[in-house]
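Read off the chains here:
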Amino acid sequence: MAGPLHLIVNPVAGHGKASEFVNSTVLPILENFSTQYEIHTTTSPGNAGVIGKRLASTQGNGTVQVAIVGGDGTFHEFIEGVNQIEGVRWEVVLFPFGTANALFSSLFPPSGSLDKYQAVIDTLPSAPVQETAHQLSSLFSFLSKSSPVNLPITRTTITSTSEQHHEKIVSHVLLSTSLHASILHDSEALRETHPGVERFKNAAQQNASKLFYATVSLESGANVEQWDPRIDKWVQPFTTTQPSEGEGVVRIEGPFSYFLSTSTVDRLEPTFVISPLTQLGQFNDAQGYVYVTIIRPLRDPLITTTQPEERKAKLSARAFEVVGQAYANGNHVNLTLPLKGDKLKLELENKGEGEPVVEVFRCTSFAWTPSSPSEGEYEGLERGNERLVCADGALHTIPQGGVAMVKLQEKRGDQGFYVYT
Ligand SMILES: Nc1ncnc2c1ncn2[C@@H]1O[C@H](COP(=O)(O)OP(=O)(O)OP(=O)(O)O)[C@@H](O)[C@H]1O
């Protein structure tokens, strides 16, 4: 027996509506289904992990069912708290009560249908309005007795050359560097002067034309693969130097403007589908993949054939053009560069003949090694901070000369984290 459903409620996440939602909407449904529950309200940052540890010690080995009523940050803290504990299978119901809710919106995209839960919905005393029904999707999946799907966890180790610095990070949503990490960093600095969401736009403008100098090595137990949008298939990497026979490592030289990896989400907010190839739930018996999304602007003739003084404006415009297509259901991955040698054409095409602008790979581990400050300079384009790393929204810094090693945590039988989707 799995015991009661433990509701972990973050009263301050998102718009601070979690407690009210639980009392007015979730509890009547649980009572209607005679589902036993316990409520645990978080009292401070990090408390979701403390609650998780307590549950593991009082529930013992086996399955523990929890519901996270908060955002990605609340679930992140819960995972951080219990990830090392052996012998527990966590079955998790999610409610989107954070700000971005990347994981929830990836599992339940706004356009998704709730038809398969109709039998559950029909037994409710009154039918919820559409928005509420969507927020209850994961609960409906739980009440329908669906099988929850494995949630891969990523482990990152940040080390310095001397190994004096040794930082371990677990994440379940994303790990990024370059533009994404810098936007997060700078928008925090702008919080005082720009409390609204426009600070993200300002931070994006500050960083969209910067270059981040690093080398990436991708590895996989099988082969590292790259998505080719022109044939809609995963194939051998084709925009990088080929790995030599038996080496199995694909090396990608910067500079980069965009670099983001995830093994669980296809979007970071309901309509921003930045990693459309990510698929969760397909690999319940295996580990899954880390999906890596990369933009390297010096592959783009618009930037390389432009005069140095115009490069900044051109790159900024191109970055917004490309990344903006993530809002068109992830269409950025379909954009292709002009064919090499065609000097007259600099516009991007949709699934044209040239190479994709956005390079998408799948692997099971990778290393991000920032270049030394003396390496790399491209006239007209500023250098960004390639040592910044964002893991599930929290920022970390790789020491000078250090590296970030990222890998999927090995699956431990049927233990670990399983989400109702
Ligand atoms: N009682 C509390 N008081 C203050 N902070 C809390 C409390 N409980 C949890 N927190 C903090 O609230 C933070 C925000 O929660 P969460 O990340 O879930 O929401 P969000 O930031 O609005 O959403 P998202 O991560 O989806 O964008 C958590 O990182 C956690 O540290």
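Residues numbered from 1 in each chain as written. Predicted model: local features only at pLDDT ≥ 70, side-chain atom pairs only at ≥ 80, totals over all residues.

- Labelled according to an unreviewed UniProt entry, the protein appears under the name DAGKc domain-containing protein, originating from Kwoniella dejecticola CBS 10117.

### Description of the overall build of the protein
- A count of helical and extended segments in the protein gives eleven helices and 22 strands.
- Taken over the C-alpha trace, the protein has a radius of gyration of 22 Å; the compact-globule value for 421 residues is 22 Å, and the two agree within 12%.
- Dimensions along the principal axes, computed over C-alpha positions, put the protein at roughly 70 × 50 × 50 Å.
- In the protein, buried positions account for 44% of the 421 residues.
- Contacts in the protein between residues at least 24 apart in sequence constitute 76% of all its contacts with a sequence separation of at least 6. (Helix = DSSP H or I, 4+ residues; strand = E, 2+ residues; numbered from the N terminus. Rg over C-alpha atoms; globule rule 2.2 N^0.38 Å. Buried ≥ 20, exposed ≤ 12 C-beta atoms within 10 Å, placed from the backbone. Contact = placed C-beta atoms within 7 Å.)

### Remarks on the site of the ligand
- Among the 22 residues in the neighbourhood of the ligand, the closest are listed as Ala13, Pro45, Gly71, Gly73 and Gly98.
- A total of four residues in the shell around the ligand trace back to one element, the largest contributor, which is helix H3 (residues 72-82).
- A per-class count over the shell around the ligand returns five nonpolar, 15 polar and two charged. (Near = placed C-beta within 6 Å. Nonpolar A, V, L, I, M, F, W, Y, C, P; charged D, E, K, R; others polar.)

### Side note on the sheet that holds strand E18 (residues 365-370)
- Spatially, E7-E6-E21-E18-E9-E12 is the arrangement adopted by the six strands of the open sheet, whose pairing is antiparallel. Each of the sheet's edge strands pairs with one partner strand only, and the pair in question is strand E7 (166-171) and strand E12 (249-253). For this sheet the average axis-to-axis angle between neighbouring strands, irrespective of direction, equals 15°.
- Two strands pair when backbone bridges link them, and strand E6 (residues 154-159) and strand E21 (residues 403-408) are joined in this way by six bridges, in the antiparallel orientation. Bridge assignment links isoleucine 158 to a residue of E21, and that residue is alanine 404. (Pairing = 2+ DSSP bridges. Axes fitted to C-alpha atoms, helices over the stretch in contact; angles between N-to-C directions.)

### Let's talk about the nonpolar core
- Formed by 106 residues in total, the largest nonpolar core has its most connected members in Ile8, Ile68, Val69 and Val92.
- Both domains that meet at this core, namely domain 1 (5-146) and domain 2 (154-408), each give it at least three residues. (Core = buried A, V, L, I, M, F, W, Y, C linked by C-beta atoms within 7 Å. Domains from an automatic or database assignment.)

### Looking at the confidence of the model for the protein
- The predicted model of the protein has a mean per-residue pLDDT of 92, with 96% of residues at 70 or higher.
- Prediction confidence for the complex, expressed as pTM and ipTM, is 0.95 and 0.96 respectively. (pLDDT = per-residue confidence, 0-100.)

### Observations concerning unusual backbone geometry
- For the bond from glycine 254 to proline 255, the omega torsion is 5°, close enough to zero to count as cis.
- Along the chain, proline 255 falls in the loop between E12 and strand E13 (258-262).
- One non-glycine residue, asparagine 329, lies in the positive phi region at around 55°.
- Here asparagine 329 is to be found in the loop between helix H11 (308-324) and strand E15 (335-336).

### Looking at the sheet that holds strand E22 (residues 416-419)
- Strand order in the open sheet formed by six strands is E2-E1-E3-E4-E22-E5, with mixed pairing between adjacent strands. The sheet is open, and its two edges are formed by strand E2 (37-41) and strand E5 (149-150), each paired on a single side.
- Direction of pairing for strand E1 (residues 5-9) relative to E2: parallel, over a ladder of five bridges. Following the sheet pairing, histidine 6 is matched in E2 by glutamate 38.

### Here we look at the pairing of strand E14 (residues 290-295)
- With six of its six residues buried, E14 lies for the most part within the structure.
- On E14, burial covers both faces: Val290, Val292 and Ile294 on one face and Tyr291, Thr293 and Ile295 on the other are all buried.
- Pairing analysis gives five bridges linking E13 to E14, with the strands arranged antiparallel. In the sheet register, serine 261 faces E14, and the bridge partner there is valine 292.
- Note: E14 against strand E17 (residues 358-363), six bridges, orientation antiparallel. By the bridge assignment for E17, tyrosine 291 is matched with arginine 362.

### Let's talk about the packing of helix H2 (residues 47-59) against H3
- Relative to each other, H2 and H3 sit at 45°, their axes nearing to 7 Å. Judged on the interaxial angle alone, H3 and H2 are oblique. The crossing of H2 and H3 is right-handed. Facing Ala48, Gly49, Val50, Gly52, Lys53 and Ala56 of H2, the residues of H3 in contact are Thr74, Glu77, Phe78, Glu80, Gly81 and Val82.
- Residue classes in the contact of H2 with H3 are distributed as five nonpolar, four polar and three charged. (Parallel < 35°, antiparallel > 145°, perpendicular 65-115°, else oblique. Left-handed = near helix turned anticlockwise from the far one by under 90°.)

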